[in-house]
Amino acid sequence: MTIYRAVNEGVFSAIRTRGRISIPAKAIDAMEEVAVAQMRAVDSSEFTLPKTGSRGGGSR
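Think of each chain on its own: its residues are numbered from 1, step by step along the sequence as written. In keeping with the predicted nature of the model, local features appear solely for residues at pLDDT of at least 70, side-chain atom pairs appear and are counted solely at 80 or more, and the whole-chain, interface and lining totals rest on all residues. Computation of side-chain values covers all heavy atoms of the structure but excludes hydrogens and water.

Peer 1: Honestly, the overall build of the protein chain in this entry has me stumped. Any pointers?
Peer 2: For the protein chain, the helix and strand inventory stands at two helices and two strands. Comment: elements are numbered from the N terminus, with helices defined as DSSP H or I runs of at least four residues and strands as E runs of at least two. Taken from N to C terminus, the helices and strands of the protein chain fall in the order α-β-β-α. Across the 60 residues in the protein chain, those meeting the buried criterion constitute 12%. Between two residues, a contact is recorded if the distance between any of their heavy atoms is within 4.5 Å. In the protein chain, 35% of the contacts between residues at least 6 apart in sequence involve partners at least 24 apart. Carbon and sulfur atoms provide 53% of the accessible area of the protein chain, an area that totals close to 5000 Å². Buried residues are those whose accessible area, probed at 1.4 Å on protein chains only, stays under 20% of the maximum for their type, while exposed residues exceed 50% and partly exposed ones sit between those limits. For accessible areas, the Shrake-Rupley method is used with a probe of radius 1.4 Å. Any residue's cover is judged against the shown protein chains and nothing else.

Printed below as a string of C-alpha cells:
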C-alpha cells in the first residue's frame, strides 16, 4: 500500500495504463541495488521524489 499511496501522490514513478499501475524496472533495480549493497531491507518511502506544491503540471 505504501507504493500505491506514493504513486497516487505523484512521488513514486509509475505508468498508469487503463487503470493498471506499472512500476518501471529501473525503480525496482535501484531498490534492489541498495538492498544488496547495504545488506538490508529497503522501504519504498526511501525512493520517493520530494513532494511539490502541484501535481502533473508539466506536459506528458
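Peer 1: How should helix H2 (residues 25-38) be read in this particular structure?
Peer 2: Helical geometry note: an α-helix holds 3.6 residues per turn, so side chains three or four residues apart project in the same direction. To estimate the expected span of a helix, subtract one from its residue number and multiply by 1.5 Å. For H2, with 14 residues, the first-to-last C-alpha span of 20 Å sits near the 20 Å given by 1.5 Å per residue. Downstream of H2 by one or two residues, Met39 has phi in the positive range, about 50°.

Peer 1: Mind showing me how you'd approach unusual backbone geometry here?
Peer 2: Leaving glycine out, the prevailing phi sign among residues is negative, and the prevailing peptide bond configuration is trans. For Arg18, which is not glycine, the phi dihedral falls at a positive 50°. Residue position: Arg18 is located in the loop between strand E1 (15-17) and strand E2 (20-22). Non-glycine residue Met39 carries a positive phi angle of around 50°. Within the secondary structure layout, Met39 lies in the segment after H2. Here Met39 falls in the exposed class, since its relative accessible area comes to 76%.

Peer 1: When you look at the pattern of salt bridges in this model, what are you seeing that I'm missing?
Peer 2: When the charged atoms of two side chains with opposite charge come close together, those side chains can pair. Salt bridge criterion: a side-chain nitrogen from Lys or Arg within 4 Å of a carboxyl oxygen from Asp or Glu. This model, assessed by the stated rule, comprises one salt bridge. The salt bridge partner of Arg40 is Glu46, with a shortest N-O separation of 2.7 Å. Residue class for Arg40 comes out partly exposed when judged on its relative accessible area of 33%.

Peer 1: Would you mind showing me how to read the nonpolar core here?
Peer 2: Listed in full, the six residues of the largest apolar core are Ala6, Val7, Val11, Phe12, Ala27 and Met31. Sorting the residues of this core by element identifies helix H1 (2-9) and H2 as the ones contributing at least two each. Here, the term nonpolar core denotes a set of buried Ala, Val, Leu, Ile, Met, Phe, Trp, Tyr and Cys residues that are joined through side-chain atoms within 4.5 Å.

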